[in-house]
Amino acid sequence: MKLSHSWNACKARFNQLAQATSNPPHHLLIFIVVGLMLIISSGCEEKLPTLPYDQPLAYFDTLVVPASLIQTRNLIVPGKLGSYFYLYVGQNEWVTAYSLLRFSNLSLLPDTLDTLLSCTLNLYTATSLATDTNQVLNPTIKIGLLQSNAAPNWEEDSVSDKNFDLTSYRVTPFTEFDFQISDTVQLDITNFAKAMINDWLDTSKTNYGLILQTANQTETAIGCIYTRSTVYAPTLIVQYIYQGDTLTRTIAATNDVAILKYNSAKINNQRLVLSAGLTGYAFLKVNLDELNIDKNWVVGDANLYLYIDSSLSMSYNKSITVYLNMLDSTAWNASDFTTPSTYEASHTLTAGSQILKMNLPRTIQNITSGYSKNFGFVIWLAPSSYNPILYSLYTTADSARQPYLKLFLMKER
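Overview of the structure.

Cut-offs and rules
- Residues numbered from 1 in each chain as written.
- Predicted model: local features only at pLDDT ≥ 70, side-chain atom pairs only at ≥ 80, totals over all residues.
- Heavy atoms only, no water.
- Pairing = 2+ DSSP bridges.
- Helix = DSSP H or I, 4+ residues; strand = E, 2+ residues; numbered from the N terminus.
- Axes fitted to C-alpha atoms, helices over the stretch in contact; angles between N-to-C directions.
- Contact = heavy atoms within 4.5 Å.
- Polar contact = N/O pair within 3.5 Å; in protein donor to acceptor, adjacent residues only side chain to side chain.
- Buried < 20%, exposed > 50% of the residue type's maximum accessible area, 1.4 Å probe, protein only.
- 1 Å grid on protein atoms, 1.4 Å probe; cavity = no way out; pocket = protein on both sides within 12 Å on 5 of 7 lines; lining within 4 Å.
- Points joined across faces, edges and corners; volume = space filled by probe spheres on them.
- Nonpolar A, V, L, I, M, F, W, Y, C, P; charged D, E, K, R; others polar.

### Remarks on the sheet that holds strand 18 (residues 345–349)
Okay, step 1: With respect to topology, 5 strands assemble into an open sheet ordered 2-15-20-17-18, the strand pairing being antiparallel. Each edge of the sheet is formed by a strand with only one pairing partner; in this case those strands are strand 2 (70–76) and strand 18. With direction set aside, neighbouring strand axes in the sheet form an average angle of 20 degrees.
Okay, step 2: Pairing of strand 17 (residues 320–326) with strand 20 (residues 377–381) involves 5 bridges; the strand directions are antiparallel. Directly across from Y323, in strand 20, lies its bridge partner W380.

### Some words on the environment of Y208
Okay, step 1: With respect to the element layout, Y208 can be found in the loop between helix 3 (190–201) and strand 9 (210–214).
Okay, step 2: Each C-alpha atom, one on Y208 and one on Q147, is 6.0 Å from the other, the two residues being 61 residues apart in sequence.
Okay, step 3: With sequence-adjacent residues up to four places away left out, Y208 is seen in contact with L101, R102, L146, Q147, S148, A150, A151, P152, N153, W154 and Y169.
Okay, step 4: Looking at Y208, its side chain comes within polar contact range of the main-chain oxygen of A151, at 2.4 Å.

### A look at helix 4 (residues 361–368)
Okay, step 1: Turning to helix 4, its buried residues number three or more, namely T363, I364, Q365, I367 and T368.
Okay, step 2: As for helix 4, its buried residues are in contact with strand 16 (298–307), strand 17, strand 20 and strand 22 (404–412).
Okay, step 3: Count one or two residues on from helix 4 and you reach G370, which has phi positive near 85 degrees.

### Concerning the layout of surface pockets
Okay, step 1: By volume, the second largest pocket amounts to about 240 Å³.
Okay, step 2: The wall of the second largest pocket is formed by 16 residues, among which Y86, Y88, S385, Y386 and N387 lie closest to the centre.
Okay, step 3: Counting only elements with at least two residues in the lining of the second largest pocket, the list comes to strand 3 (86–91) and strand 5 (116–129).
Okay, step 4: Here the residues of the lining of the second largest pocket sort into 10 nonpolar, 5 polar and 1 charged.

This is the structure in structure tokens:
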């Protein structure tokens, strides 16, 4: 029924009811209103036409890009470390970790500390890393003075296991402590501090600072100590007498860095290595050009899958974020690489993860539509989380667990 005809019928019926009385009683008005509502609901509803259409509005397709169209390359470069949260000290079958610490801002102190009363080294611990739950979580850490006659001084933003040779230095241990999680460590180093600080104040000598190492080679946990980049910076509390006054000065660390020496047996060159501590990048190029995908296809979803080799990976039961970005034209064959400041996709790996899945429909759409050049992707671990975590990913050379890209495509009919 057409709406206009139904409305005219309703109006006519209403007029008939209205003419039935010129002064209807109250109950009759109620009857009229209720009746009118029933008439409208039963006879005045709008009828929408049903349009027959036996064809889908769009085409849909799923496309799996095989490993034969994916190139892979691993790049490991010397880390640029500074400004991280933790100093690492300890060892396990995967890595040996030690840390360097320097106090150079000594302008608050007199030229000599002949009247030194006390000196306390304050360190603030965070957590402990273990490869399994059976390990002792509280390693013993020893602290020593670092000296050399000719070695160049280390800088926290460039030193790494690749360019720091510990055998070029003399290490004089002077104290140690048992690591405890979330602890404030206050070490009285007064007996050693006078000679040490006077040595640092001598501008004719190089201030190499301190070194923190594991004291027990049989312990396998790694202790984490907060760095100067946090509110829990390492400090020296120096108390001395100057011109008759007793003064107390707090000297904050000016440089600190953790050095991670990985076990080469755990680094398989046939795998793609992801590591913030090792600074390992995974490069992949998906040769979509060979598929001749129509530019009119809309990429509804796209997922890149990479399998994790658990036997060559160690997460320390921690989660970490993996990032992906597009490469430029010069990066694929480069021998060095700088971590990108932006990313196009990310995924968080948790302890026990078996597969890395990067969701990147927009990135693939830009390539298939011709908006972006396809020079490949780079995948890396969060650099701000510099730590011993290491992931090994299977490459296209592995027949059982090759990487692949799965696309869900749509196109208007």
